[in-house]
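# Fold and contact review
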Amino acid sequence: MLAGGLSRRMGGGDKSLKLLAGQTILERVLSRAKPQVTSLVLNANGDAARFARFGLPVVADSVTGFAGPLAGVLAGLDWAAKEAKGASYVASFATDAPFFPLDLVKRLEAAVKGSTHDLACAASGGREHPVFGLWPVALREDLRKALADGMRKVDQWTARYRLARVEFSASPYDPFFNVNSPEDLAEAEKISAQVDHPLPDRPSPAPAAPKRR
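Throughout what follows, the structure given in this document is the object of discussion. (Residues numbered from 1 in each chain as written. Predicted model: local features only at pLDDT ≥ 70, side-chain atom pairs only at ≥ 80, totals over all residues. Heavy atoms only, no water.)

This brings us to the layout of surface pockets. In this structure, the second largest pocket occupies an estimated 460 Å³ of space. Taken together, 28 residues make up the lining of the second largest pocket; nearest its centre are Val37, Ser39, Tyr89, Val90 and Ala91. Contributions of two or more residues to the lining of the second largest pocket are made by helix 2 (69-83), strand 5 (89-91) and helix 3 (104-112). Residues belonging to the lining of the second largest pocket are distributed by class as follows: 18 nonpolar, eight polar and two charged. (1 Å grid on protein atoms, 1.4 Å probe; cavity = no way out; pocket = protein on both sides within 12 Å on 5 of 7 lines; lining within 4 Å. Points joined across faces, edges and corners; volume = space filled by probe spheres on them. Helix = DSSP H or I, 4+ residues; strand = E, 2+ residues; numbered from the N terminus. Nonpolar A, V, L, I, M, F, W, Y, C, P; charged D, E, K, R; others polar.)

Listed below in structure tokens is the structure:
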């Protein structure tokens, strides 16, 4: 899970620790991510103690200077290579996006396994969401070299490989909506009402009784 950003538009601090409908955004992310993977690690820079209550291993970027999501992906790949022996892939989740699909990893895996694709990312509403991706552990040294050479943009690195784009519906809300500002947080409150308390399906109207003549 990627939480290494600077949160400038939220006035600093950790976006993932902001409250959303009575829970931190990170708690909501965890509830969606945990059932989809065998283990979780949090990528975050600074004092790891602020995340102690969540009971997760926390790894910082190995690339200095807040190098962006790719540095977080590399941190996750390095952790998996050391701590999750035998893992072939790492799934990444943004910790400021509390509504991502519950079948995200399953569908990313299906797009890669048994195909010619090297990796996968989510898409919705005509946009790619590369921070929601499936990354081969075998590519970690390639990624390390790319970062050392100054690579920072996710799409520039994934363009080197065969990328599967897995499309998700953006209706009635975009599941990859992320909270970058106080205005986004207000919008997320509205979406959470739909997610937490969905409207029941309306029953089909009964057929009209035939008129007596």
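So that's the structure; there's more coming.
When you line up the elements, threonine 24 lands in strand 2 (residues 23-24). Judged by its relative accessible area of 3%, threonine 24 is buried. Sequence-distant contacts of threonine 24, that is, excluding residues within four places in its chain, are made with Ser16, Leu17, Lys18, Leu19, Arg53 and Phe54. (Buried < 20%, exposed > 50% of the residue type's maximum accessible area, 1.4 Å probe, protein only. Contact = heavy atoms within 4.5 Å.)

Remark: helix 2 packs on helix 4 (residues 140-148), axes separated minimally by 10 Å, with the N-to-C direction vectors making an angle of 145°. When the axes of helix 2 and helix 4 are compared, the crossing they make is left-handed. Across the interface between the two elements, Leu70, Ala71, Val73, Leu74, Leu77, Asp78 and Ala81 from helix 2 touch Arg140, Leu143, Arg144 and Leu147 from helix 4. Considered class by class, the residues forming the contact of helix 2 with helix 4 number eight nonpolar, no polar and three charged. (Axes fitted to C-alpha atoms, helices over the stretch in contact; angles between N-to-C directions. Left-handed = near helix turned anticlockwise from the far one by under 90°.)

The next thing to look at is the pairing of strand 7 (residues 127-136). The sheet contact formed by strand 5 and strand 7 spans three bridges and is antiparallel. Paired with valine 90 across the strands is tryptophan 135, a residue of strand 7. Across five bridges, strand 6 (residues 119-124) lies against strand 7 in antiparallel orientation. Paired with alanine 120 across the strands is leucine 134, a residue of strand 7. Where strand 6 hands over to strand 7, the hairpin turn is made up of two residues, of which glycine 125 adopts a positive phi near 55°. (Pairing = 2+ DSSP bridges.)

Once that is clear, we can look at the nonpolar core. Within the largest apolar cluster, 38 residues are counted, with the highest numbers of intra-cluster contacts made by Met1, Leu42, Phe93, Phe100, Leu104 and Phe132. Looking at this core, the elements that each hand over two or more residues are helix 1 (25-33), helix 3, strand 6, strand 7, strand 8 (163-168) and helix 6 (182-196). Beyond its immediate sequence surroundings of up to four residues, leucine 104 is in contact with Gln36, Phe93, Ala122, Phe132, Phe168 and Phe176. (Core = buried A, V, L, I, M, F, W, Y, C linked by side-chain atoms within 4.5 Å.)

A few words now on the environment of isoleucine 191. If you trace the backbone, isoleucine 191 turns up in helix 6. Note: C-alpha distance between isoleucine 191 and proline 98 (93 residues apart in sequence) is 9.9 Å. Setting aside its immediate chain neighbours within four residues, isoleucine 191 contacts Phe99, Tyr173 and Phe177.

Looking now at the pattern of salt bridges. Within the structure shown, the criterion is met by 12 salt bridges. As a salt-bridge pair, aspartate 14 and arginine 50 come within 2.6 Å of each other at their nearest N and O atoms. Residue aspartate 14 is located in the segment before strand 1 (19-20), and its partner arginine 50 is located in the loop between strand 3 (42-43) and strand 4 (58-59); the two are separated by 36 residues in the primary sequence. Overall, arginine 50 belongs to the partly exposed group, its relative accessible area being 27%. Its salt-bridge partner being aspartate 78, residue arginine 144 comes within 2.7 Å of it at the nearest N-O pair. In this pair, arginine 144 is assigned in helix 4 and aspartate 78 in helix 2, connecting sequence segments 66 residues apart. (Salt bridge = Lys/Arg side-chain N within 4 Å of Asp/Glu carboxyl O.)

Right, let's get into helix 6. The end-to-end C-alpha distance of helix 6, which contains 15 residues, comes to 21 Å, matching closely the 21 Å that a straight helix rising 1.5 Å per residue would cover. On its buried face, helix 6 sits against strand 1 and helix 1. (Expected span 1.5 Å × (residues − 1).)

Such coordinate-based values are descriptive only and should not be taken to indicate function.
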